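# An overview of the molecular structure
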Amino acid sequence: MTLVQLCDKVSHSMLDHSTSSLHFKGKRKLRSVMKAWRSGLMAASTLAGLFSLPVRAQQADPATPVVVQPGAPGQPTRTLPPSTRATLPPDSPADARFMQGMIMHHAQAVEMTALIESLTVNKDLQSLGARISSSQSDEIKFMKRWLEARGEPISPMMPEMPGMDMSSHSMLMPGMLTAKQMEALKKAKGEDFDHLFLTGMIQHHNGALIMVKDLFDTAGAGQDAELFNFATDVDSGQRAEIRIMQTMLEDKPLEEKR
């Protein structure tokens, strides 16, 4: 073996040894870095857990709520005991009577509008009738659900008195048409029907306004949120329809529009 060959062999041997050494040292360094990273992660987790303890303790044991009662005008507020609980207003028998009566009231309005298609060709009246029929039919469904949810009967309980005519005018809700008025409406046609319908429905709507007023004039009544919203909607909606019908009556004669 020549001197050059010997030198090449020694160089290769030293290079292999150096490469192995570097590879070994790299692996050791990587293991050291991974170990340090795991240790840092564990330390961070421990610190995060320690810092979260007060927050968790605070959430599990919230401060006692303060109940404050506003004072009357010119009077200071009062701090009430933590055991104080809000109470809803008691149910009023007048609420159920209002809903029961309004169901009967709306039912007659729907009956009146059902006559329009066969007894007049007045397009304006047909449009108004469809609006009244749709809105009051939906409101009847709402009132029935309201009563059922509270365990109240759909129809009012009428006292049984000997000799009482249950179909008499005195048993009708305010504004409802009598049997004689309904019979006249069913027999009329054309302009006569239009006039009777409009005057009769204005009377009917005014009766609903009286029912709403009576409800809110009754002590303790009308405080239920759903009932309050419904009654105020009835009042505003029927006032608007009364104005429409009054305008239609003023347009004399009521022409049949084909």
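Computed from a predicted structure; not experimentally measured.

Turning our attention to the packing of helix α2 (residues 93-113) against helix α5 (residues 179-187). The relative placement of two packed helices comes down to the angle between their axes together with the axis-to-axis distance. In contact at an axis separation of 11 Å, α2 and α5 are set at 20° when each is read in the N-to-C sense. Classified by the angle their axes make, α2 and α5 are roughly parallel. Here Q108, E111 and M112 of α2 lie close against α5, whose contacting residues are M182, L185 and K186. In terms of residue class, the contact of α2 with α5 is made up of three nonpolar, one polar and two charged.

The residue V121 is located in the loop between α3 (116-119) and α4 (123-149) in this model. Here the alpha-carbon distance between V121 and D194, two residues 73 residues apart in the chain, equals 9.4 Å.

Averaged over all residues, the pLDDT of the protein is 78; the fraction at 70 or higher stands at 63%. Model confidence for the protein, summarised as mean pLDDT per element, is weakest for helix α1 (residues 3-60) at 50 and strongest for helix α6 (residues 190-217) at 98. Confidence over residues 50-61 falls short of pLDDT 50; this stretch has zero contacts with residues more than four positions distant or in other chains. Scored below 50 in pLDDT, residues 254-258 shows 17 contacts in the model against residues more than four places distant or in partner chains.

Okay, the pattern of salt bridges next. If you walk through the whole model with that rule in mind, you get seven salt bridges. One salt bridge in this structure joins R131 and E241, with 3.4 Å as the shortest N-O distance. In this pair, R131 is assigned in helix α4 and E241 in helix α7 (residues 225-250), connecting sequence segments 110 residues apart. The exposure class of E241 is buried, given its relative accessible area of 6%. Between K187 and E183 there is a salt bridge, with the nearest N and O atoms lying 4.0 Å from each other.

Once that is clear, we can look at α2. Taking 1.5 Å per residue, 21 residues should reach 30 Å; α2 reaches 31 Å between its end C-alpha atoms and fits that length. Most of α2 is tucked away: 15 of the 21 residues are buried.

Turning our eyes to something else, we now look at the nonpolar core. Of all hydrophobic cores here, the largest spans 22 residues; its most connected members are M112, L125, L128, F193, F197, L198 and M201. In terms of residue count, α6 provides more of this core than any other element does, six residues in total. I140, W146, M176 and A221 belong to the second largest nonpolar core, which has 21 residues in total.

Considering all chains together, one arrives at four aromatic pairs under this definition. The interplanar angle of 40° and the centroid separation of 5.3 Å between the aromatic rings of F142 and F230 together place this pair among those described as tilted. With F142 in helix α4 and F230 in helix α7, this residue pair connects regions lying 88 residues apart in the sequence. Accessibility expressed as a relative area gives 7% for F230, which makes it buried. Through pairs of rings, three or more aromatic residues link up here, namely F98, F142 and F230.

Parameters and conventions
- Residues numbered from 1 in each chain as written.
- Predicted model: local features only at pLDDT ≥ 70, side-chain atom pairs only at ≥ 80, totals over all residues.
- Heavy atoms only, no water.
- Axes fitted to C-alpha atoms, helices over the stretch in contact; angles between N-to-C directions.
- Helix = DSSP H or I, 4+ residues; strand = E, 2+ residues; numbered from the N terminus.
- Parallel < 35°, antiparallel > 145°, perpendicular 65-115°, else oblique.
- Contact = heavy atoms within 4.5 Å.
- Nonpolar A, V, L, I, M, F, W, Y, C, P; charged D, E, K, R; others polar.
- pLDDT = per-residue confidence, 0-100.
- Salt bridge = Lys/Arg side-chain N within 4 Å of Asp/Glu carboxyl O.
- Buried < 20%, exposed > 50% of the residue type's maximum accessible area, 1.4 Å probe, protein only.
- Expected span 1.5 Å × (residues − 1).
- Core = buried A, V, L, I, M, F, W, Y, C linked by side-chain atoms within 4.5 Å.
- Phe/Tyr/Trp six-rings, centres within 6.5 Å; stacked < 30°, edge-to-face > 60°.

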